Amino acid sequence: KDGAQWSPRQALFENKTMLKRDTLLRRCALGSGLLCTVGDYGTRVVRKGAAWTAMPDPKAKDTLIDIAFGNGAFVGGGMHGLRMRSEDGLTWTDRTEGEEGEHINAMIWDGKQFVGIGQGATYLSPDGKTWKREPNENAPTLAAFGDGIFIGSLWPGKVMRSTDGIRWKQVHQFEQHALSFAHGRLGTGATATVCNTGGSTCVSVLAAINLGGGTTGPVASISAGLTHTCVTMAAGWQRCFGRGLDG
């Protein structure tokens, strides 16, 4: 519930034949009260409440690399421009293939349309049924979206930025390759102003922020700007959160 305490590992299904032995579940999306997860060999697994259900008879050719939820449907993208759509995560329709080599590595719902970011082309759709193909430039192999901005990673360690998911520009270079990006903000989760007087008055009423991940040790510094909040620990490592407008 809090990202710090975890229940013991347990099998999703008592019937071991529900999934192939070496299947990895790779990406998931949440919508309509369902958690839909996609994985190897065309696997789809859906959680509703506490119950998990696997899609029967998955096909390897329908393997999805990434998945997103929007406009009442789950939409996924895969190898060679593959796109599929489902409203319940178990029955998939509107199967569409693209050009050879245009693997869709990221599928994003930007609030208006699905954006499938592939190698050489970006696919756009309002509903997962009809698509428009746009040649892209320097597309990343993974991406996230927030506040109108797409951020992605391109080997080795390149951070790419785009406002449309089509035209990408390198904005930073890490020493190591970034394996994941996410949009969010560091805070208490409150939806109303907690304190706006500043100084010691706010410090006395604000609760401590859980940095997650079992972090320990003193915080050396905090950098909070319009689009970020970064915490530097005394041990030297950092944890950054997108969009730090409200702290």
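Above: the structure in question.
Parameters and conventions
Residues numbered from 1 in each chain as written. Predicted model: local features only at pLDDT ≥ 70, side-chain atom pairs only at ≥ 80, totals over all residues. Heavy atoms only, no water. Disulfide = S-S within 2.5 Å. Buried < 20%, exposed > 50% of the residue type's maximum accessible area, 1.4 Å probe, protein only. Helix = DSSP H or I, 4+ residues; strand = E, 2+ residues; numbered from the N terminus. Pairing = 2+ DSSP bridges. Axes fitted to C-alpha atoms, helices over the stretch in contact; angles between N-to-C directions. Phe/Tyr/Trp six-rings, centres within 6.5 Å; stacked < 30°, edge-to-face > 60°. Lys NZ or Arg CZ within 6 Å of the ring centre and 35° of its normal.

Asker: How should the state of the cysteines be read in this particular structure?
Answerer: Disulfides are covalent bonds that connect the sulfur atoms of two cysteines. Following the criterion strictly, the structure yields zero disulfides and no others. Just so you know, cysteine 36 is unpaired, no disulfide at all, and the nearest cysteine sulfur is the one on cysteine 28, 8.9 Å from it.

Asker: For this particular structure, what's the right way to read the pairing of strand E6 (residues 73–78)?
Answerer: Looking along a regular strand, one sees the side chains alternate between the two faces of the sheet. For E6, the buried fraction is high: six of the six residues fall into the buried class. Side chains Ala73, Val75 and Gly77 project from E6 onto one buried face, and the interleaved Phe74, Gly76 and Gly78 project onto a second face that is buried too. By the bridge criterion, six bridges tie strand E5 (residues 64–70) to E6 in an arrangement that is antiparallel. Considered in E6, the bridge of alanine 68 is made with valine 75. What sits between E5 and E6 in their antiparallel hairpin is a turn of two residues, with asparagine 71 showing a positive phi close to 55°. Here E6 runs beside strand E7 (residues 83–86); their pairing, made up of four bridges, is antiparallel.

Asker: What should I look at first to understand the sheet that holds E5 in this one?
Answerer: Note on sheets: strands pair through backbone hydrogen bonds, and any given pair is parallel or antiparallel. As summarised here, the arrangement of the four strands in space is E5-E6-E7-E8, forming an open sheet in which the pairing is antiparallel. Of all the strands in the sheet, the pair left with one neighbour each is E5 and strand E8 (92–96). Put simply, the sheet's adjacent strands are angled 20° from each other on average, direction ignored. Bridge count between E7 and E8: three bridges; the pairing is antiparallel. Counterpart to arginine 83 in the pairing with E8 is threonine 96.

Asker: Even after reading the chapter, I still don't get unusual backbone geometry, so can you show me in this structure?
Answerer: Excluding glycine, residues mostly carry a negative phi; peptide bonds, for their part, are mostly trans. That bond from tryptophan 155 to proline 156 is cis: its omega, -5°, falls within 30 degrees of zero. Turning to its location among the elements, proline 156 is positioned in the loop between strand E14 (149–154) and strand E15 (158–162). Its identity is not glycine, yet asparagine 71 carries a phi of approximately 55°, on the positive side. Within the secondary structure, asparagine 71 sits in the loop between E5 and E6.

Asker: Mind showing me how you'd approach the packing of aromatic side chains here?
Answerer: What describes a pair of aromatic rings is the distance from one ring centre to the other and the angle between the planes of the rings. With the rule as written, the count across this model stands at four aromatic pairs. For the ring pair tryptophan 109 and phenylalanine 114, a centre distance of 4.8 Å and an interplane angle of 55° mean the geometry is tilted. Look at tryptophan 109 and you get partly exposed, because its relative accessible area is 24%. On the basis of relative accessible area, phenylalanine 114 is assigned to the buried category, the value being 0%. Each residue in the set Phe145, Phe150 and Trp168 is aromatic and connected to the rest through ring pairs, giving one cluster. The ring of tyrosine 41 carries lysine 20 above its face, with NZ or CZ at 4.5 Å from the centroid. Against the face of tryptophan 92 rests arginine 44, its NZ or CZ located 4.7 Å from the ring centre.

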